[in-house]
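# Secondary and tertiary structure notes
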Amino acid sequence: AQSVTQPDIHITVSEGASLELRCNYSYGATPYLFWYVQSPGQGLQLLLKYFSGDTLVQGIKGFEAEFKRSQSSFNLRKPSVHWSDAAEYFCAVGAPYGGSQGNLIFGKGTKLSVKP
Amino acid sequence: KAGVTQTPRYLIKTRGQQVTLSCSPISGHRSVSWYQQTPGQGLQFLFEYFSETQRNKGNFPGRFSGRQFSNSRSEMNVSTLELGDSALYLCASSLRSRQETQYFGPGTRLLVL
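The present account deals with the structure reproduced in this document. (Residues numbered from 1 in each chain as written. Chains lettered and ligands numbered in written order. Predicted model: local features only at pLDDT ≥ 70, side-chain atom pairs only at ≥ 80, totals over all residues. Heavy atoms only, no water.)

## As for the overall build of chain B
- The secondary structure content of chain B amounts to zero helices and eleven strands.
- Reading chain B from its N terminus to its C terminus gives the helix and strand order β-β-β-β-β-β-β-β-β-β-β.
- Relative to the globule expectation of 13 Å for 113 residues, the C-alpha radius of gyration of chain B, 13 Å, shows essentially globular dimensions.
- In terms of principal-axis extent, the alpha carbons of chain B reach across some 35 × 25 × 25 Å.
- Per-residue burial for chain B yields a buried fraction of 53% across its 113 residues.
- In chain B, once contacts between residues fewer than 6 apart in sequence are set aside, the share between residues at least 24 apart is 54%.
- Carbon and sulfur atoms provide 50% of the accessible area of chain B, an area that totals close to 5,100 Å².
- Taking the average place of the 13 positive charges on the side chains of chain B and the average place of its 6 negative ones, the gap between the two points comes to 3 Å. (Helix = DSSP H or I, 4+ residues; strand = E, 2+ residues; numbered from the N terminus. Rg over C-alpha atoms; globule rule 2.2 N^0.38 Å. Buried < 20%, exposed > 50% of the residue type's maximum accessible area, 1.4 Å probe, protein only. Contact = heavy atoms within 4.5 Å. Areas by Shrake-Rupley, 256 points an atom, 1.4 Å probe, with all protein chains shown as cover. Lys, Arg positive; Asp, Glu negative; His and termini not counted. Charge placed at Lys NZ, Arg CZ, Asp CG, Glu CD.)

This is the structure:
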């Protein structure tokens, strides 16, 4: 069955420190991959996406993610975290083809806290 | 271009009642998907509509239904509300198909008492 695993439920980093959020997926083929961010009481904002091509993708707010096919991973990184990055981050996969499995499958999320 | 809008933003209902939530997609987007978000189950797919037709449905009981209008606006309805239906209901739109990037609205927070 398709699934997305975000192993870290909660991460705390100091402002200015680097960040890496982990995401592993189980899928029959290479899916479309997404990272979304959600601030408290808000909807989901797209940070970045991978469909094909260059495995290192750049997103908004200084985030990047690297797709590693051999590890079925799509980890999110940021070199220097800002206090405003405190939020919950969701990794999601979607089917790269038509059919009945086109909906997004989300991980459980990683809550990021930033220490001043 | 305006984003996805959802109304109402907050709703309080009692068990047994029914509720209708509304979603207006980004202009030009024809696909609308609905998700339920709860602390225990996370984000779960409800259903997706494209050109007024339901194309895909998640694993939810028949009390959850939806529809899409000719202008791509969508509504979802939950009948006979249960306490467990308390959740944030998120709507997402994409240009043509669910395989494309989905853009999310702010959600409707439903509390069932």
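Back to the text.
## Digging into the pattern of salt bridges
- A full pass over the atoms with the stated rule returns nine salt bridges over all chains.
- For Asp85 of chain B, the salt bridge is made with Arg63 of chain B, and the minimal N-O distance between the two is 2.8 Å. In this pair, Asp85 of chain B is assigned in the loop between strand S8 (74-78) and strand S9 (87-94) and Arg63 of chain B in the loop between strand S6 (53-57) and strand S7 (64-68), connecting sequence segments 22 residues apart. This pair shows no difference in class: Asp85 of chain B is buried, exactly as Arg63 of chain B is.
- One network of salt bridges, with partners in common, ties together Glu64, Glu66 and Arg77 of chain A. (Salt bridge = Lys/Arg side-chain N within 4 Å of Asp/Glu carboxyl O.)

## Digging into unusual backbone geometry
- A cis geometry characterises the amide bond from Thr7 of chain B onward to Pro8 of chain B, with omega recorded as -10°.
- You can see Pro8 of chain B is positioned in the loop between strand S1 (5-7) and strand S2 (10-13).
- Phi is positive for Ser72 of chain A, close to 50°, though the residue is something other than glycine.
- Even without being glycine, Thr80 of chain B reaches a positive phi, approximately 45°.
- Relative to the helices and strands, Thr80 of chain B resides in the loop between S8 and S9.
- Relative accessible area serves as the criterion here: at 47%, Thr80 of chain B is assigned to the partly exposed category.

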